[in-house]
Amino acid sequence: DNNNNNNEGNRQSALKQQLLPTPYDYSASVTGASIVLFRKFSLNLSIEGTGTVRVLYADDNLRIFVSPTDTNVTKGGGDWESEGLVVVQVRMDLVYDDWA
């Protein structure tokens, strides 16, 4: 249907106008973190530090980050987040329909 194609094209065009140009660097400061599973279980992590997060790509469905430098961890966490770490996040409902 031609109307559906036009609507999708208009939506994509509007979305592109709202996105920041990438790559884009953010200064990050972490004072704690937690992991929540199935909205029922929570594990608090004792971690603190600062660093830079470079956003390579981001839209409504997908985000790709990289650590351009080593993270300065001041408490917990060890040295796992070193220069070159790549993180890819995908919306959960795109992977599993019943997790939305």
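Structure first, text after, so check above.
All values reported here derive from a predicted model rather than from experimental measurement.

Colleague: Looking at this structure, how should I read the environment of Asn-61?
Modeller: Within the element layout of this structure, Asn-61 appears in the loop between strand E4 (48-58) and strand E5 (62-66). Judged by its relative accessible area of 32%, Asn-61 falls in the partly exposed class. When the C-alpha atoms of Asn-61 and Met-92 are compared, they prove to be 9.0 Å apart, with 31 residues separating the residues in sequence. Leave out the neighbours within four places in its chain, and Asn-61 touches Gln-89, Val-90, Arg-91 and Leu-94.

Colleague: Any chance you could explain a nonpolar patch on the surface here in plain terms?
Modeller: Taken together, the side chains of Ile-35, Leu-37, Phe-38, Phe-41, Leu-43 and Leu-45 define a hydrophobic patch exposed on the protein surface, amounting to about 620 Å² of accessible area. Counting only elements with at least two residues in the nonpolar patch, the list comes to strand E2 (33-37) and strand E3 (41-45). A total of three residues in the nonpolar patch trace back to one element, the largest contributor, which is E3. Within the fold, Leu-37 resides in strand E2. Residue class for Leu-37 comes out partly exposed when judged on its relative accessible area of 45%.

Colleague: Explain the side chain of Ser-67 to me, please; I cannot follow it from the model alone.
Modeller: Mapped onto the secondary structure, Ser-67 falls in the loop between E5 and strand E6 (72-75). Classification of Ser-67 as buried rests on a relative accessible area of 5%. Not counting chain neighbours up to four residues away, the residues in contact with Ser-67 comprise Thr-52, Glu-81, Ser-82, Glu-83, Gly-84 and Leu-85.

Colleague: Would you explain the environment of Val-86 in this entry?
Modeller: Position of Val-86 among the secondary structure elements: in strand E7 (residues 86-90). Separated by 19 residues in sequence, Val-86 and Ser-67 place their C-alpha atoms 6.7 Å apart. Not counting residues up to four positions away in its chain, the partners in contact with Val-86 are Ile-64, Phe-65 and Val-66.

Colleague: Can you help me understand the pairing of E5 in this one?
Modeller: The side chains of a regular strand alternate, first on one face of the sheet and then on the other. Pairing of E4 with E5 involves four bridges; the strand directions are antiparallel. Looking at E5, one finds that Arg-54 is bridged to Val-66. Linking two consecutive strands that pair antiparallel, namely E4 and E5, is a turn of three residues. As defined by bridge partners, E5 adjoins E7 across five bridges and the pair is classed as antiparallel. Across the sheet, residue Ile-64 finds its bridge partner in E7, namely Val-88.

Colleague: Quick question: what am I supposed to make of unusual backbone geometry here?
Modeller: In terms of backbone geometry, most residues other than glycine have negative phi values and most peptide bonds are trans. Cis geometry marks the peptide bond from Thr-22 to Pro-23; its omega dihedral reads 5°. When you line up the elements, Pro-23 lands in the loop between helix H1 (2-18) and strand E1 (24-30). Phi is positive for Phe-38, which is not a glycine, with a value near 55°. The residue Phe-38 is located in the loop between E2 and E3 in this model. If you check the backbone angles, Arg-39 has positive phi at about 60° while not being a glycine.

Rules of the game
Residues numbered from 1 in each chain as written. Predicted model: local features only at pLDDT ≥ 70, side-chain atom pairs only at ≥ 80, totals over all residues. Heavy atoms only, no water. Helix = DSSP H or I, 4+ residues; strand = E, 2+ residues; numbered from the N terminus. Buried < 20%, exposed > 50% of the residue type's maximum accessible area, 1.4 Å probe, protein only. Contact = heavy atoms within 4.5 Å. Patch = residues over 30% accessible without salt bridge, like charges linked within 9 Å, V, L, I, M, F, W, Y side chains within 5 Å. Areas by Shrake-Rupley, 256 points an atom, 1.4 Å probe, with all protein chains shown as cover. Salt bridge = Lys/Arg side-chain N within 4 Å of Asp/Glu carboxyl O. Pairing = 2+ DSSP bridges.

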